[in-house]
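Here is what each chain is made of, one letter per residue.
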Amino acid sequence: MDPENLPKHFEAGGAEVRWDDFWQSEGIHKWEPSRPRDETFVVDTPPPTASGSLHPGHVFSYTHTDILVRFQRMIGKNIYYPMGWDDNGLPTERRVQNYYHVRCDPTAPYEDQLELAPASAKMRKKPPKKISRDNFIELCHRVTTEDEKTFMALWKRLGVSVDWNEQYQTIDDNCRRIAQFSFLDLLEKNQVFSSNAPSMWDVDFQCAIAQAEVEDRNIAGAYHDIEFGLSDTGETFTISTTRPELLPACVGVTAHPSDERYKHFFGREAISPLFRIPVPIFPSEIADPEKGTGILMVCTFGDATDVEWWRDEGLTLRQLVGRDGRLLPADFGSQTFPSLDPVEAEKNYSDLEGKTLKAARELIVSLLREDSSGFDGTRAALVGEPRLLEHSVKFFEKGDRPLEFVPTRQWFVRLLDKKKELIAKGNLIKWHPDHMRRRYEDWTENLSFDWCVSRQRFFGVPIPVWYPILENGNCDYKSPLVPKKENLPTDPTRDCPSGFTEEQRNQPGGFKAETDIFDTWFTSSLTPQISSHWGSNQERHQALFPADVRPQAHDIIRTWAFYTIAKAHLHEDSVPWKHATISGWILDPDRKKMSKSKGNVVTPIPLIDKYSADGVRYWAGSARLGVDTALDEKVFKIGKRLVTKIFNASKFVLTQDGHSAKPSSELDLAFLSELRSLVRRSTKAFEDFDQAHALMEIENFFWSRFTDTYIELVKVRARSIDNKNPQDQGSAIFSLRFGLSVLLRLFAPFLPFVTEEVWSWAYAEESGFKSIHISSWPKDAEFAHLETPNETTSLSIAIAALTAINKAKADGEVSMGRALERLVLSGQASDVDKLRSVAVDVTAAARCENYEIIIDDTIEKGSFQVKNIEFAPKPT
RNA sequence: AGGCACGUAGCUCAGUGGCUAGAGCGCCGCCUUGACACGGCGGAGGUCGGCGGUUCGACCCCGCCCGUGCCUACCA
């Protein structure tokens, strides 16, 4: 090749666009449905939340996956690598609310042709505009469509080799169909049920949430000691509570059965202060004598334990907290709120009604301080002062106020009875790294609620259910009406159940639509089935399910991984995938998790502009799976340097134009033998899902055995113009070109752009593979016909000799290119012997014609010393 | 509170039951050579978190401890 035809520098930005266009137009990443399953590699790609912001974590984990995929493609696999968009759900709703400054109000009328502009600062000062459910959903679609373009541009820029023909959105027709199909299948299997029971409720979003979305936060609270009385003898005892505002909802009192202090109370009745409500006192094994005063009040509902006691003891329901987090009206003297003194109770409650929990707490504490607040009206009920403490409280992960248990009708998937089976399924999956399996097991073992899948939100997959309305106007929730599977997807607020007409909607004798939608995870737990078109294309399902690999980060093992395993188990008694590859988190330079809420997120695009896509991929590729990794620009720099070096070294190798011959020189054979070993090691690492190790091996070899050494040693022989010895020159040229071809292919999964660029110069035509990415991964067989070197260490020996000479030149402060007039090199006898067969290359590289090699057994084995050196004069 | 992971050169990280523990970056000195100054050559730098144990031999295996991060639990 004429060096004049090759560019001076690698223009990464241009190459990234050029090669992505080429891959798309040539269909390099296209899945071929006709090829058999065992030749196919199926990826269950994480569908990003398109309305979220671009994050280096995306770049990181998608690059991990792409590296694996590109390796699999090169070993000949037919790749199924789709891209999904998880636009369904709360993040999109919030983005729409903020972007347009609107709120969904299901009672608002639909506005045809509603055109809204992004909200200005001025508009934001006014209350948000109320828009109908349908208008709101339209805006959600509009926003996600735009956001997906941004993400797609990032993936293409990064060289993520997905097949863009295989895209889905978790809200599209196929996904809605599959989510609803999943629900109907679970209903048939009796694995899903609706229940009107206290469940975890976020008072701000006014929505039920599932255990997986709960996080514990340590917040400040206080023990309040409150005196209760016994109805019969007037004895007293003191309970401790962090939630005094729930006193009106007290439905019982409990202590440990063996607690001597309280044993004699069991079976009797306590009277609460302020409201004078008689409640049963019962023993409970789970009451902790060490905590507080050892005896406590049970309320509906302060926490999950209250729910347990309420259910197990069959206690009265005194629901106090409304869906909006404010105290509901209470009718003292009624059956629900019996009071020994309804007038007094009513008076005490009058100011509490309608208050938020926080305000109610302050107010009730001041009431409890009053002299007549005690159970018999003779003294204050509050004992001492509240004692501050920090305790952990359950929050919705996206929420601002603690969760409440509110009785509401919700749909649940039955999981609590399947912990063992689910853990067994987890053991059928190979986790990378393996210890991530423990996260899954811990979570599964500790499940304490069935999966609540209904959400009182708007943008999501509708739950495909109607309820009959009885002639008396009541809803029959026990006998839901469901659509036929072939009629999915359906929207019960628009479609009618079969056998009914639209006129019967919301009429006695007619039906009522379920307006709740599914938890987003209900749909995204089906991504392998979404890819495989489960339920509508059995042939495709067989070909693509289970997937080969599920890539994801470790923070969503409890959600995405867990739910996906659960669904595959429930539906088909299967695992969803064979391997789970778990990427770590991205940490900022202070080693804090990079997250939107912490405000320390860096946008990835400028990093790509600065360090090139290959440079950024190098950073991701060098991190082991499961290891949290700092976003360290030093590593990007190293990547970029590697890209440049590959480009330059390739330029040198491919411009050596002499004819190629079967390698015969000892140095060349030793180099090729080491290369063969590299191919074995890096292939093994890839097969073990250890791409970082493969990269390290390849990179080390490239610098220390190829560019810095072998190329320098063989340079003179390869470019000798006079052709004194065509066989030696041909041997060098073959080894350089073949060596480069192997190294490029090893690098290709990591650095797809620069390797493709170089491949296109000569190898594409030579090999017949138009893209390096569909050429073949280096195989042991490619080395089989080569002779073996006399000494496996010949390259090392040559390098050691050259290093000694280089050191002498460095010490003499002359350039490495300075010619030598005389050189005496010494080493151990065995090393000297080995050096003879490569000395011609060493001395050529050192620019020395007059040399002598002597034996000195005092020198360390494997190294050489310069005994005498004379530099030629500096050329003018 | 239990579990998992991690703790190796100033920084980011490799590493193996076996001779004097490695790389890159950074630092110091030198070199503009014909692929590359978006470079090259050379150099300095570590009691491998601590204490015990197993072993002929431990950075590696075991136990305890310390520190960091995370997971799960705790929620009166």
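Data block above holds the structure.
A brief structural summary. (Residues numbered from 1 in each chain as written. Chains lettered and ligands numbered in written order. Predicted model: local features only at pLDDT ≥ 70, side-chain atom pairs only at ≥ 80, totals over all residues. Heavy atoms only, no water.)

**Side note on the environment of Ile-171**
Right, so step 1: Within the fold, Ile-171 resides in the loop between strand E6 (167-169) and helix H6 (173-188).
Right, so step 2: Expressed as a C-alpha distance, the spacing of Ile-171 and Phe-459, which sit 288 residues apart in the sequence, is 8.5 Å.
Right, so step 3: Residues contacting Ile-171, with those up to four places away along its chain left out, are Asp-87, Asn-88, His-141, Arg-176, Phe-459, Gly-460 and Val-461. (Helix = DSSP H or I, 4+ residues; strand = E, 2+ residues; numbered from the N terminus. Contact = heavy atoms within 4.5 Å.)

**Considerations on helix H2 (residues 56-74)**
Right, so step 1: Spanning 19 residues, H2 covers 27 Å between terminal C-alpha atoms, matching the ideal 27 Å at 1.5 Å per step.
Right, so step 2: Directly beyond the C-terminal end of H2, a positive phi value near 105° is found at Gly-76. (Expected span 1.5 Å × (residues − 1).)

**Some remarks on the state of the cysteines**
Right, so step 1: Applying the stated criterion across every chain yields a total of zero disulfides.
Right, so step 2: In this structure Cys-452 is not part of a disulfide, and its nearest cysteine sulfur, from Cys-207, lies 7.8 Å away.
Right, so step 3: Cysteine Cys-475 remains unbridged, with the sulfur of Cys-496 as its closest cysteine sulfur at 15 Å. (Disulfide = S-S within 2.5 Å.)

**Re the packing of aromatic side chains**
Right, so step 1: Under the defined criterion, the tally for this structure stands at 49 aromatic pairs.
Right, so step 2: For the ring pair Phe-647 and Trp-761, a centre distance of 5.4 Å and an interplane angle of 75° mean the geometry is edge-to-face. Here Trp-761 lies in helix H22 (residues 752-761) and Phe-647 lies in helix H17 (residues 633-654), a separation of 114 residues in the sequence.
Right, so step 3: For Phe-647, a relative accessible area of 1% corresponds to the buried category.
Right, so step 4: Put simply, the rings of Phe-183, Trp-411, Trp-431, Tyr-440, Trp-451, Phe-518, Trp-521, Phe-522, Phe-562 and Tyr-563 pair up and form one aromatic cluster.
Right, so step 5: Here the basic side chain of Lys-593 rests over the ring of Trp-585, its NZ or CZ set 4.2 Å away from the ring centre.
Right, so step 6: Above the plane of the ring of Trp-703 lies Arg-641, whose end atom (NZ or CZ) is 4.7 Å from the centre. (Phe/Tyr/Trp six-rings, centres within 6.5 Å; stacked < 30°, edge-to-face > 60°. Buried < 20%, exposed > 50% of the residue type's maximum accessible area, 1.4 Å probe, protein only. Lys NZ or Arg CZ within 6 Å of the ring centre and 35° of its normal.)

**Some points on the layout of surface pockets**
Empty space left among the atoms is revealed by rolling a probe the size of a water molecule over them.
Right, so step 1: Put simply, the second largest pocket is a space of about 1400 Å³.
Right, so step 2: If you trace the second largest pocket, you find 42 residues lining it, with Thr-242, Arg-243, Gly-302, Asp-303 and His-391 closest to the centre.
Right, so step 3: Every element with two or more residues in the lining of the second largest pocket is listed here: strand E9 (214-230), strand E10 (236-241), strand E14 (295-299), helix H7 (304-313), helix H9 (357-369), strand E15 (382-396) and strand E16 (404-413).
Right, so step 4: A per-element tally of the lining of the second largest pocket places E15 first, with five residues.
Right, so step 5: When grouped by side-chain class, the residues that make up the lining of the second largest pocket number 19 nonpolar, 10 polar and 13 charged. (1 Å grid on protein atoms, 1.4 Å probe; cavity = no way out; pocket = protein on both sides within 12 Å on 5 of 7 lines; lining within 4 Å. Points joined across faces, edges and corners; volume = space filled by probe spheres on them. Nonpolar A, V, L, I, M, F, W, Y, C, P; charged D, E, K, R; others polar.)

**Examining the pattern of salt bridges**
Right, so step 1: Under the defined criterion, the tally for this structure stands at 57 salt bridges.
Right, so step 2: The partner of Asp-173 in a salt bridge is Arg-176, and the shortest N-O contact between them spans 3.1 Å. Of this pair, Asp-173 and Arg-176 both sit in helix H6, three residues apart, roughly one helical turn.
Right, so step 3: In this structure, Asp-232 and Arg-268 form a salt bridge, with 2.9 Å as the shortest nitrogen-oxygen distance. In this pair, Asp-232 is assigned in the loop between E9 and E10 and Arg-268 in the loop between strand E11 (250-255) and strand E12 (269-271), connecting sequence segments 36 residues apart.
Right, so step 4: Using a relative accessible area of 48% as the deciding quantity, one classes Asp-232 as partly exposed.
Right, so step 5: Salt bridges here are not isolated pairs; linked through shared partners, they connect Arg-243, Glu-245, Arg-361 and Glu-404. (Salt bridge = Lys/Arg side-chain N within 4 Å of Asp/Glu carboxyl O.)

**Some details on the sheet that holds strand E23 (residues 547-553)**
Right, so step 1: Spatial strand order, E17-E24-E23: three strands in an open sheet with parallel pairing. A single partner strand is all that each edge strand has here, and the edge strands are strand E17 (430-432) and E23. On average, adjacent strands in this sheet sit at an angle of 20° to one another, irrespective of strand direction.
Right, so step 2: Bridge count between E17 and strand E24 (residues 577-583): three bridges; the pairing is parallel. Considered in E24, the bridge of His-432 is made with Thr-581. (Pairing = 2+ DSSP bridges. Axes fitted to C-alpha atoms, helices over the stretch in contact; angles between N-to-C directions.)

**Comments concerning the sheet that holds strand E18 (residues 451-452)**
Right, so step 1: The sheet built from four strands is open, its strands ordered E8-E7-E16-E18 with antiparallel pairing. A strand with exactly one partner marks an edge of an open sheet, and here the two such strands are strand E8 (207-208) and E18.
Right, so step 2: Pairing geometry for E16 and E18, over two bridges, is antiparallel. Each bridged residue has a counterpart across the sheet, and for Val-413 the counterpart in E18 is Trp-451.

**Describing the protein's contact with RNA strand B**
Right, so step 1: Around RNA strand B sit 53 residues, and of these Ser-240, Leu-296, Ser-392, Lys-394 and Arg-624 come closest.
Right, so step 2: Considering the 4 Å shell around the protein, atoms of RNA strand B inside it are sugar or phosphate in 72% of instances.
Right, so step 3: In this structure, a sugar or linking oxygen belonging to RNA strand B sits 3.0 Å away from a main-chain N or O atom of Thr-242.
Right, so step 4: A distance of 3.1 Å separates a base oxygen of RNA strand B from a polar atom in the side chain of Thr-644. (Near = heavy atom within 4 Å. Polar contact = N/O pair within 3.5 Å; in protein donor to acceptor, adjacent residues only side chain to side chain.)

**Some words on unusual backbone geometry**
Right, so step 1: That bond from Thr-300 to Phe-301 is cis: its omega, -5°, falls within 30 degrees of zero.
Right, so step 2: Inspection of the secondary structure puts Phe-301 in the loop between E14 and H7.
Right, so step 3: A cis amide bond links Leu-488 to the next residue, Pro-489, at an omega of -5°.
Right, so step 4: Mapped onto the fold, Pro-489 is located in the loop between strand E20 (466-468) and strand E21 (511-513).
Right, so step 5: The phi torsion at His-101 lies on the positive side, around 55°, for a residue other than glycine.
Right, so step 6: In this fold, His-101 is placed in the loop between helix H3 (90-100) and strand E4 (102-104).
Right, so step 7: Looking at His-101, the relative accessible area reads 13%, which means it is buried.
Right, so step 8: Even without glycine at this site, Asn-190 takes up a positive phi of about 60°.

Geometric values such as these leave the question of function open.
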